[in-house]
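Examination of the molecular architecture
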Amino acid sequence: MKISIIIPNYNHAKFLKKRIDSILNQKFTDFEVIILDDCSTDDSRDIINSYKDERISLKLFNDKNSGSPFKQWKKGIEAAKYDYIWIAESDDWADLNFLYEAENILKTHQDISLYYSNSQLVAEDETFFENSIKKYTEDLDEKLWNNNHLYNGKDYVKKYLFFKNFILNASSVIFKKSNAIKSIDEIINFKTSGDWLFWALILTEGEVYFNENKLNFFRHSLQSTRNYNTLEKKQLRIVEKINVQEKIISLYIFSSSFIKKTRKNLTKEWIKNHSFKELFSRQYYNILKLNFYKDVSIINFIFFTFIYKLKFQWLKKLK
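Residues numbered from 1 in each chain as written. Predicted model: local features only at pLDDT ≥ 70, side-chain atom pairs only at ≥ 80, totals over all residues. Heavy atoms only, no water.

1. Notes on the overall build of the chain
Along the chain, the regular secondary structure elements total 15 helices and 9 strands. Here the C-alpha radius of gyration of the chain, 21 Å, is about what a compact globule of 319 residues would show, namely 20 Å. Across its three principal directions, the C-alpha atoms of the chain cover 65 × 45 × 35 Å. Within the chain, buried positions represent 49% of all 319 residues. Summed over its atoms, the accessible surface of the chain is roughly 16000 Å², and 50% of this surface lies on carbon and sulfur atoms. Looking at charge distribution, the chain has the averaged site of its 50 positive side-chain charges lying 9 Å from that of its 41 negative ones. (Helix = DSSP H or I, 4+ residues; strand = E, 2+ residues; numbered from the N terminus. Rg over C-alpha atoms; globule rule 2.2 N^0.38 Å. Buried < 20%, exposed > 50% of the residue type's maximum accessible area, 1.4 Å probe, protein only. Areas by Shrake-Rupley, 256 points an atom, 1.4 Å probe, with all protein chains shown as cover. Lys, Arg positive; Asp, Glu negative; His and termini not counted. Charge placed at Lys NZ, Arg CZ, Asp CG, Glu CD.)

2. Some points on the packing of helix 9 (residues 194–202) against helix 11 (residues 231–251)
At a minimum axis separation of 9 Å, helix 9 and helix 11 run at an interaxial angle of 10°. Accordingly, the angle class assigned to the pair helix 9 and helix 11 is roughly parallel. Along its contact with helix 9, which presents Gly194, Trp196, Leu197, Ala200 and Leu201, the element helix 11 presents Glu240, Lys241, Val244, Gln245, Lys247, Ile248 and Leu251. Split into classes, the residues belonging to the contact of helix 9 with helix 11 amount to 7 nonpolar, 2 polar and 3 charged. (Axes fitted to C-alpha atoms, helices over the stretch in contact; angles between N-to-C directions. Parallel < 35°, antiparallel > 145°, perpendicular 65-115°, else oblique. Contact = heavy atoms within 4.5 Å. Nonpolar A, V, L, I, M, F, W, Y, C, P; charged D, E, K, R; others polar.)

3. Here's the deal with the environment of aspartate 92
The residue aspartate 92 is located in the loop between strand 4 (84–87) and strand 5 (93–94) in this model. What makes aspartate 92 buried here is its relative accessible area of 2%. Residues in contact with aspartate 92, not counting those within four places in the same chain, are Arg19, Asn169, Ser171, Asn216, Phe217, Phe218 and Arg219. Engagement of the side chain of aspartate 92 in a polar contact is seen with the side chain of asparagine 169, the distance being 2.6 Å. (Polar contact = N/O pair within 3.5 Å; in protein donor to acceptor, adjacent residues only side chain to side chain.)

4. Some points on the pattern of salt bridges
All chains considered together, the criterion is met by 13 salt bridges. Measuring nitrogen to oxygen at the nearest pair gives 2.9 Å for the salt bridge that ties lysine 182 to glutamate 205. Here the residue lysine 182 occupies a position in helix 8 (residues 177–183), and glutamate 205 occupies one in the loop between helix 9 and strand 9 (207–219), the gap between them amounting to 23 residues. Here lysine 247 makes a salt bridge to glutamate 186, at a shortest N to O gap of 3.4 Å. One end of the pair, lysine 247, is in helix 11; the other, glutamate 186, is in the loop between helix 8 and helix 9, and 61 residues separate them in sequence. A residue is classified by how much of its surface remains accessible, and lysine 247, at 24% relative accessible area, is partly exposed. (Salt bridge = Lys/Arg side-chain N within 4 Å of Asp/Glu carboxyl O.)

5. Quick word on helix 4 (residues 98–106)
Buried within helix 4 are the following residues: Phe98, Leu99, Ala102, Glu103, Ile105 and Leu106. Down the axis of helix 4, the sector holding all buried residues measures 160°, keeping them to one side. (Arc of directions from axis to C-beta.)

6. Structural notes on the packing of aromatic side chains
Scanning the entire structure with this criterion turns up 32 aromatic pairs. Between the aromatic rings of tryptophan 270 and tyrosine 284, the centroid separation amounts to 6.2 Å while the plane-to-plane angle is 45°, which identifies the pairing as tilted. Of the two residues, tryptophan 270 sits in helix 12 (residues 256–272) while tyrosine 284 sits in helix 14 (residues 282–287), which places them 14 residues apart along the sequence. As far as burial versus exposure is concerned, tryptophan 270 and tyrosine 284 are alike and both buried. Through a chain of ring-to-ring contacts, the aromatic side chains of Trp270, Phe280, Tyr284, Tyr285, Phe292, Tyr293 and Phe301 assemble into a single cluster. The side chain of lysine 27 reaches across the aromatic face of tyrosine 100, ending 4.0 Å from its centre. Just above the ring of tyrosine 136 sits the side chain of lysine 164; from NZ or CZ to the centre is 4.4 Å. (Phe/Tyr/Trp six-rings, centres within 6.5 Å; stacked < 30°, edge-to-face > 60°. Lys NZ or Arg CZ within 6 Å of the ring centre and 35° of its normal.)

7. Considerations on helix 3 (residues 69–79)
Along helix 3, the residues classified as buried are Phe70, Gln72, Trp73, Gly76 and Ile77. Buried residues of helix 3, seen end-on, are gathered within an arc of 150° and therefore sit on one face of the element. Looking at the buried residues of helix 3, the elements they touch are strand 1 (3–9), strand 2 (31–37), strand 4, strand 8 (173–176), helix 8 and helix 9.

8. Side note on a nonpolar patch on the surface
There is a patch of nonpolar side chains on the surface, built from Phe276, Phe280, Tyr285, Ile298, Ile299, Phe303, Phe306, Ile307 and Leu310 and spanning about 830 Å² of accessible area. The greatest single-element share of the nonpolar patch, amounting to 6 residues, is contributed by helix 15 (residues 298–318). Tracing the backbone shows phenylalanine 280 in the loop between helix 13 (276–279) and helix 14. (Patch = residues over 30% accessible without salt bridge, like charges linked within 9 Å, V, L, I, M, F, W, Y side chains within 5 Å.)

Put into structure tokens, the structure is as follows:
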């Protein structure tokens, strides 16, 4: 078994050496490395070019920023030589046993489409956060993530992944190239939730395996968090969540009552995340143009939004 490792980078010069070294020093060594730089303006190019390891099969430097991490993913996936792919984000790093443990599982269970390990969140200064995927998934089925588990991919999506993206970052995941090639074009235009849809599409075929060991170190930037909570980003996140759940529903059999409940919950999420002043923005009316809302009356939609907002404000004051 061989693995293609893709490192998509943009302006992560200060983290890049640790990332590349954590790959080249893996206990498992049968892999190629593809490094993609998306027109960085820092010292990334010099750091990348300083590596002469023969396992680095390709270095690609964009002359213009692509504007999308998923365009870089596609470029790397299409260039990959091997059947399994690991997208190793440039600001993260891995335990030196990451690939070794993955390979032991994947060679034993060849129907696995997607393997992922638990992750340790770290700050930019590498201070550990007290995080746990168990805590993040406690509203789904906390006990499931207490241990390693092998699960049918379709059932996993329908029962768990439909509701939230608990696969915290790409650096924790290894997936089959054949499944990825079929799915990558679906996420090219996403900005925030493309990875969530990507995992769901890959799992329409095969099985999923979760390794409870924290073998991936996911660097969490406070600046990114602040940027993520702008009104524009919050709106985009909700719109993309609608698109993800709509796509998953199109691939599976769900009851009409479940679909209506999902649509109602998505509308409530929009309402909770907006003030009265922000509520009826242009983006709000754009939601009605999405297929998921095509049979919804605009009058009923506005009425429900207004009434629920009043109710939400009232309950907030009671607390």
